[in-house]
Amino acid sequence: MTAKDKNGLFIGYDDIWLLDGVRTPFVDYNGPLGLVSPTDLGIKAARAVFERAKVSPADVGSVIAGCVGAS
């Protein structure tokens, strides 16, 4: 094990493509989207990005999604 190995895990890929991205609007938790589940909101965002990128979901192996909530 080298010194670099002790600092973390590294996995390299040569076949990854970033196609597009979308974000949902910023609103108050009790605002217009307060009753919409995060899962439903994620589904809508995913459908939008696949449509914008003109890519079939069947051709995608992984999706990375994030959530940032202000405290």
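None of these values were measured; they are calculated from a predicted model.

K.L.:
Could you clarify how one ought to interpret the overall build of the chain in this entry?
P.N.:
When helices and strands are tallied, the chain shows two helices and zero strands. Accessible area of the chain: about 7,100 Å², with a carbon and sulfur share of 58%.

K.L.:
What am I meant to see in the pattern of salt bridges here?
P.N.:
Pairs may arise between side chains of opposite charge once their charged atoms sit close together. All chains considered together, the criterion is met by one salt bridge. For Asp 20, the salt bridge is made with Arg 52, and the minimal N-O distance between the two is 2.7 Å. With Asp 20 in the loop between helix H1 (3-6) and helix H2 (38-53) and Arg 52 in helix H2, this residue pair connects regions lying 32 residues apart in the sequence. Note on Arg 52: relative accessible area 48%, which makes it partly exposed.

K.L.:
What is the right way to read H2 from this model?
P.N.:
Residue pairs three or four apart in sequence face the same way in an α-helix, which turns once every 3.6 residues. Between its first and last C-alpha atoms H2 spans 22 Å; for 16 residues at 1.5 Å apiece the expected length is 22 Å, and the two agree. Among the residues making up H2, those that are buried are Ala 45, Val 49 and Phe 50. For H2, the buried positions fall inside an angular range of 135 degrees around the axis, keeping them on one side. Relative to its buried face, H2 has exposed residues pointing more than 90 degrees away, namely Lys 44, Arg 47 and Glu 51. Following H2 by one or two positions, Lys 54 has its phi on the positive side, about 55 degrees.

Calculation rules
- Residues numbered from 1 in each chain as written.
- Predicted model: local features only at pLDDT ≥ 70, side-chain atom pairs only at ≥ 80, totals over all residues.
- Heavy atoms only, no water.
- Helix = DSSP H or I, 4+ residues; strand = E, 2+ residues; numbered from the N terminus.
- Areas by Shrake-Rupley, 256 points an atom, 1.4 Å probe, with all protein chains shown as cover.
- Salt bridge = Lys/Arg side-chain N within 4 Å of Asp/Glu carboxyl O.
- Buried < 20%, exposed > 50% of the residue type's maximum accessible area, 1.4 Å probe, protein only.
- Expected span 1.5 Å × (residues − 1).
- Arc of directions from axis to C-beta.

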